[in-house]
Amino acid sequence: MKLSYQLHIVCIPAILLSLLSACSGSAESDRNGHSHDIEGISVLDLNGSWHQMGRQYGILAEKQINDVLEYLESRIGLDSVRITTAAGIADKLYANYPDSLKTFFDGVSRTSGISLERLKLCNAAEYIEGTFLCSAMAVWGDYGSGKLVFGRNYDAVSYREIDRDVVVTVYHPTDGTAAATVGYAGEIYCVNGLNAKGLFIELNNGMPSAGSEIHWNLCPSTTNLFNMLFSAESLDDVDSFFKNTQSSLSAIIGVADKREARSYEWCFDGVRRGDGMTPDGLMISTNHYVNDSWPFNIPSDETSWNSITRRSNIAGKAEKFKGGIGVDKMKEIMSTSLKDGGPKHTLTRYQMVVVPEDMLLYINIPSNGGWVELKMKEFLD
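Residues numbered from 1 in each chain as written. Predicted model: local features only at pLDDT ≥ 70, side-chain atom pairs only at ≥ 80, totals over all residues. Heavy atoms only, no water.

Engineer: Help me out: how do you make sense of the pattern of salt bridges in this one?
Structural biologist: Opposite charge on two side chains makes pairing possible when the charged atoms of those side chains draw close. Overall, the coordinates contain 19 salt bridges when judged by the stated rule. Residue Asp-91 is joined to Lys-120 by a salt bridge in which the shortest nitrogen-to-oxygen separation is 2.9 Å. Of this pair, Asp-91 sits in helix α5 (residues 80-95) while Lys-120 is found in helix α7 (residues 116-123), placing the two residues 29 residues apart along the sequence. A single salt-bridge network, built from bridges that share partners, covers Asp-239, Lys-243, Glu-260, Arg-262, Arg-273 and Asp-275. (Salt bridge = Lys/Arg side-chain N within 4 Å of Asp/Glu carboxyl O. Helix = DSSP H or I, 4+ residues; strand = E, 2+ residues; numbered from the N terminus.)

Structure (structure tokens):
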């Protein structure tokens, strides 16, 4: 597939730059943010301090953030109770963000002209809308065809109308490892991430097993995962993170480097590994906990968005194609519908396949017309 690269460098009139500089930060730093259009996928490349990167993000992602806000606000409507509830969720999510990310939000607001209150609302869209699901599969060793390959379907009840606003954001902070996230514009946390050390992270909903309560007094789990991307250099670092970080919600986190993948069943009650429930060389996660040391019952398909069947279908495909699962076969498996023996749900909004060793990310957004290859090494170096 031939790639088409279009580079859009942020250009701002000199007078406006001087005014922005007088408000906060360096106007010159605003020029260090770049937007790349790669076959319809937006890659936003940010550089500098967190405030500087926020300013760049505000310029580059303004339209897409406004798209998400328009969609979200149309969903909330004019009902005063829903408006108050949504604002409350947004405030609670933001309250325990670290200061570095709060300066990022300030930078976004200054250059986009979008108020902090509305940015917080956009950031909380997934929490306000509620239900996202997801399926994941990784193969290596006897199950793979060479290098470790990780497949991931992001499933959600909402968002079909705004799949054009899924963006890849690359952060080059002055105080950490470079890392990229994949998610909706204005979402400043991690449900999918890849860092310059070759660590990939993805999040699945674990609420069917460990409950739907969110502990708002803690730093959000999605934010802690985001922060981990900029410091973790190995799976040992990841393991230490989970052992020492309490989760604010019920989740299943898939993590991989070039050698192996792991599944962490992570909730307020602690963390346990779920990858031991599959043979070596295979990791599967959907939306229920499989480590039998948990005190939770295995949910039914009806209460877990077909999590049991999706997991079983992935396992069946893994055995059928054992020893020959590379990138193309992974795409095929993750794109096979539930009724045809695969994991793809009617709620699947976008798909990813990742090869951590080569820093390759393949992403499929339905309205974009097919899989697009992103050579993330070019952005994360």
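Engineer: Sorry, what's going on with the confidence of the model for the chain here?
Structural biologist: Looking at the chain as a whole, its pLDDT mean stands at 92, while 93% of the residues score no less than 70. With pLDDT under 50 throughout, residues 1-25 is counted as low confidence; its partners more than four residues away or in other chains account for 47 contacts. (pLDDT = per-residue confidence, 0-100. Contact = heavy atoms within 4.5 Å.)

Engineer: So what exactly am I meant to see when it comes to helix α6 (residues 99-112) here?
Structural biologist: Given 3.6 residues to a turn, an α-helix orients residues that are three or four positions apart in the same direction. End to end, α6 covers 20 Å across 14 residues, agreeing with the expected 20 Å (1.5 Å per residue, within 8%). Those residues of α6 lying buried are Leu-101, Phe-104, Phe-105, Gly-107, Val-108, Ser-109, Thr-111 and Ser-112. Gly-113 sits one or two residues past α6 and shows a positive phi near 80°. (Expected span 1.5 Å × (residues − 1). Buried < 20%, exposed > 50% of the residue type's maximum accessible area, 1.4 Å probe, protein only.)

Engineer: Which parts of the structure should I look at to understand the nonpolar core?
Structural biologist: Nonpolar side chains in soluble globular proteins tend to be buried together. Tyr-57, Ile-65, Phe-150, Leu-225, Ile-253, Leu-374 and Met-376 are the most contacted members of the largest nonpolar core, which has 96 residues in total. By residue number, the principal contributor to this core is helix α4 (residues 62-76), which donates 6 residues. Setting aside anything within four residues of it in sequence, one finds Ile-65 in contact with Tyr-57, Val-108, Ile-114, Leu-119, Cys-122, Ala-185 and Gly-186. (Core = buried A, V, L, I, M, F, W, Y, C linked by side-chain atoms within 4.5 Å.)

Engineer: Please explain the environment of Ala-90 as it appears in this structure.
Structural biologist: Position of Ala-90 among the secondary structure elements: in helix α5. According to the relative accessible area criterion, Ala-90 is buried, its value standing at 2%. With near-sequence residues (within four places) excluded, Ala-90 lies in contact with Lys-120, Leu-121 and Ala-124.

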